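What follows is each chain in one-letter form.
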Amino acid sequence: MKTMEGTLWKWTNYWNGWQTRWFVLKDGILSYYKSQEEVSQGCKGSMKVQACEINVSQIDNTRMDLVIPGEQHMYLRAATSQERQQWLVALGSSKACVRNRKDIVELNPDALKTKKSELRLYCDLLMQQVHLIKTASRSENGPELQKMDEATKMLGATCDTFIKALEECMRLTSANVIFDPPISSDIILPPNNINSTAKKKSITRTISEEMT
């Protein structure tokens with residue numbers, strides 16, 4: 001699993017507000033430190049990415065929140081919308097590394113709902129990246145090749161993450177079907193030895209009553 005690290009702004013409290021922290025995403029764990037120079041002194045906090053929900057702001061295109069419902073919150077901001085996209089793709093790839101169906105089901109009973117939300121997120125990212133490529137290719141001064149190259153690489157990474165999330169969604173759907181409770185044997189089913197002529201008369205009588 002690829003390691004990603006860099007500076008993000010983290011909301012600390014109302015007194016100190018947003019503070020820069022050095023974040024490292026490795027082996028499915030997002031850890032943060034006061035600065036890059038203090039990594040050797042131990043992290044200030046961490047979060048298991050597989051267990052968290054990723055929420056993005058519709059107003060601030062640099063904002064993303066990581067939430068483990070009822071347990072932990074990380075309110076984060078990137079320097080630019082492009083950097084946020086890079087982190088979102090990296091986080092999504094990390095979340096996609098779930099080893100088997102049992103882990104997914106036991107991890108979060110609302111995992112399917114969460115995964116659908118992630119699919120919508122990555123779909124939005126794909127649309128943004130396609131728009132960026134179109135804009136760069138139609139520049140008045142000619143195609144902006146560097147921007148197109150960067151956006152194309154990000155588009156490819158986002159596509160991979162989207163596909164992994166979609167595969168997980170399909171596995172979760174299958175798991176829900178497999179683990180649906182069986183029909184109780186105590187349910188009394190109607191007898192199947194009723195005379196066919198009696199059945200026909202009953203059906204005909206019912207239809208006649210409904211038509212009057």
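Up top you'll find the structure we're talking about.
Here we summarise the structure given alongside this text. Note that this is a predicted model, so its numbers are computed, not measured.

1. Some thoughts on the environment of Leu-126
Assignment of secondary structure puts Leu-126 in helix H3 (residues 111–137). Under the relative-accessibility criterion, Leu-126 is labelled buried at 15%. Sequence separation between Leu-126 and Cys-159 is 33 residues, and the spatial gap between their C-alpha atoms is 7.3 Å. Leave out the neighbours within four places in its chain, and Leu-126 touches Leu-155, Thr-158, Cys-159 and Phe-162.

2. Points about the sheet that holds strand S5 (residues 53–56)
Reading across from one edge, S4-S3-S2-S1-S7-S6-S5 is the order of the seven strands in this open sheet, with antiparallel pairing throughout. Two strands in the sheet have a free side with no partner beyond their single neighbour: strand S4 (45–48) and S5. On average, adjacent strands in this sheet sit at an angle of 35° to one another, irrespective of strand direction. The pairing of strand S3 (residues 29–33) with S4 spans four bridges and is classified as antiparallel. By the bridge assignment for S4, Ser-31 is matched with Ser-46.

3. Regarding the pairing of strand S2 (residues 17–26)
A regular strand carries its side chains on alternate faces of the sheet. With nine bridges connecting them, strand S1 (residues 4–13) and S2 associate as antiparallel partners. Across the sheet, residue Leu-8 finds its bridge partner in S2, namely Arg-21. Counting the residues that bridge the hairpin from S1 to S2 gives three residues. Across five bridges, S2 lies against S3 in antiparallel orientation. The residue bridging Trp-22 from the neighbouring strand is Tyr-33, located in S3. Hairpin remark: S2 followed by S3, antiparallel, with two residues in the connecting loop; positive phi at Asp-27, about 55°.

The rules behind each value
Residues numbered from 1 in each chain as written. Predicted model: local features only at pLDDT ≥ 70, side-chain atom pairs only at ≥ 80, totals over all residues. Heavy atoms only, no water. Helix = DSSP H or I, 4+ residues; strand = E, 2+ residues; numbered from the N terminus. Buried < 20%, exposed > 50% of the residue type's maximum accessible area, 1.4 Å probe, protein only. Contact = heavy atoms within 4.5 Å. Pairing = 2+ DSSP bridges. Axes fitted to C-alpha atoms, helices over the stretch in contact; angles between N-to-C directions.

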